[in-house]
Amino acid sequence: MAVRKPPITTREYWAPGHAACAGCGCAIALKLATKAFSEAMEEKYGDPNAFAIAQATGCMEVVSAVFPYTAWKVPWVHVAFENAAAAASGIDAAWKKLGYKGKILAIGGDGGTADIGIQALSGMLERWHNVVYLMYDNEAYMNTGIQRSSSTPYGAWTTTSPPGKYSIGEDKPKKWVALIAAAHQIPYAATASIGNPFDFVKKMKKAAKVDGPAFVQVHCTCPTGWKSPLEKSVEIARLAIETGIWPLFEIENGDFHNIKIQSPGGGAKVKREGGKVVAIEFKKPVEEYLKLQGRFKHLFKQPEAIQVMKEQIKAMWKVLGVDVILP
Amino acid sequence: MAESPFKADIERVEKEYSEKMTPGAIVYLPGSSVINKTGSWRVFMPEFHKDKCVRCYLCYVYCPEPAIYLDEENYPVFDYDYCKGCGVCANECPTKAIVMVREKK
């Protein structure tokens with residue numbers, strides 16, 4: 001049997017022994033992101049190590065760099081919750097002055113990006129720094145004990161949005177930071193998911209190769225905060241794509257009329273017109289994604305909440321210019 | 001048997017690791033987290049059946065640690081010093097060449 005080459009570089013930048021929970025989806029995302037970045041740097045500058053990381057406080061910062069050790073094998077700096085983008089801007093400015101070739105990766109969680117760090121992020125994108133911002137979206141402040149963030153989806157349980165007699169959990173729709181970033185007319189903004197790792201790697205490489213700022217929002221499972229089984233981490237992320245909860249799209253130069261949408265898979269029928277996706281008929285019901293997670297358990301007692309959720313999913317796809325049919 | 005890609009880090013950390021406070025809390029040893037043998041967290045361990053493996057690399061891509069590396073023939077090798085036993089590899093394996101079995105004490 002002919003053996004294919006490994007689909008990704010075997011160089012490692014994320015060492016084992018870090019303190020992430022077993023089955024952590026965000027750890028998968030960071031491992032793949034650094035590998036993709038190294039491949040892109042090798043293709044663009046001929047040096048696979050020509051990158052540095054500035055990371056905001058968050059789960060992945062706390063688990064990877066517990067003093068006196070670190071899981072990173074690349075120059076890495078920890079900055080406060082709000083200023084990963086600002087620190088990355090500074091590194092970029094210094095590299096320009098020193099004549100270094102390479103790219104900076106800024107990493108933030110959904111709290112550090114969507115809530116606390118959005119001002120610094122917006123400034124970085126607007127000043128056109130040569131930085132890729134990676135937002136790992138596990139949909140709440142998992143590091144401090146599962147508090148809601150503005151990226152928490154409708155209906156989810158968190159410690160600060162508890163469901164009960166008068167509440168259905170989080171009652172507002174999710175904020176899509178990728179769309180906000182794209183509105184800065186930056187060269188590249190995309191969403192990805194660990195449920196489709198090869199698509200994620202492709203997008204990270206593309207983001208690393210553009211000149212100027214880029215933004216990638218990656219959906220990753222948190223078994224602790226989502227109350228989901230450890231071994232289903234990747235399966236849940238994949239179901240989010242297949243049921244229509246998580247769209248995979250790319251927006252280049254802020255061109256909202258030509259959004260590239262990746263096929264969700266899972267038997268969904270995609271209708272294209274002139275190369276553009278205009279309608280998707282999903283075959284897997286949203287309930288399949290919800291039932292694997294304890295944070296949505298209460299929704300099955302309130303079926304009308306699932307209907308509201310479906311309406312919100314349709315509205316979100318409408319923003320992307322796609323009509324969807326949900327089963 | 002292939003060598004772990006972190007072998008050099010493990011050897012270096014064993015020699016140079018210290019818990020002394022550094023100026024600015026700078027960590028000078030890259031990848032020094034290998035000093036934590038997180039394999040002790042495990043309840044279920046992945047058991048690999050080489051005869052069923054088709055070398056699709058999915059376990060290698062998905063392992064969050066990473067506690068899976070590739071040998072000379074590109075078969076996965078499990079690093080039980082670090083595997084936390086999450087079972088993502090066994091769940092995603094298309095040919096069920098990885099099975100989770102209870103850890104023997």
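Placed above this text is the structure.
These numbers come from a predicted model, not from an experiment.

(A) How the structure looks around the overall build of chain B. Per the secondary structure count, chain B includes three helices and four strands. Ordered by position from the N terminus, the helices and strands of chain B form the series α-β-α-β-β-α-β. If one aligns the C-alpha atoms of chain B with their principal axes, the spans along those axes are about 50 × 30 × 20 Å. Burial analysis of chain B (105 residues in total) assigns 34% to the buried set. Of all intrachain contacts in chain B linking residues separated by at least 6 positions in sequence, the fraction that spans at least 24 positions is 64%.

(B) Representation of the sheet that holds strand S3 (residues 103-109) of chain A in the model. Residue and element names in this part refer to chain A. The mixed open sheet is built from eight strands, whose spatial order is S2-S1-S3-S4-S8-S7-S9-S10. Among the strands making up the open sheet, the edge pair consists of strand S2 (76-79) and strand S10 (260-261). Examined bridge by bridge, strand S4 (residues 131-137) and strand S8 (residues 214-219) share six bridges and lie parallel to one another. When the sheet's bridge partners are listed, Leu134 is paired in S8 with Val216. Together, strand S1 (51-56), S3, S4 and S8 form the strand contacts of helix H1 (residues 25-45), whose direction differs from that of S4 by roughly 160°.

Conventions we followed
Residues numbered from 1 in each chain as written. Chains lettered and ligands numbered in written order. Predicted model: local features only at pLDDT ≥ 70, side-chain atom pairs only at ≥ 80, totals over all residues. Helix = DSSP H or I, 4+ residues; strand = E, 2+ residues; numbered from the N terminus. Buried ≥ 20, exposed ≤ 12 C-beta atoms within 10 Å, placed from the backbone. Contact = placed C-beta atoms within 7 Å. Pairing = 2+ DSSP bridges. Axes fitted to C-alpha atoms, helices over the stretch in contact; angles between N-to-C directions.

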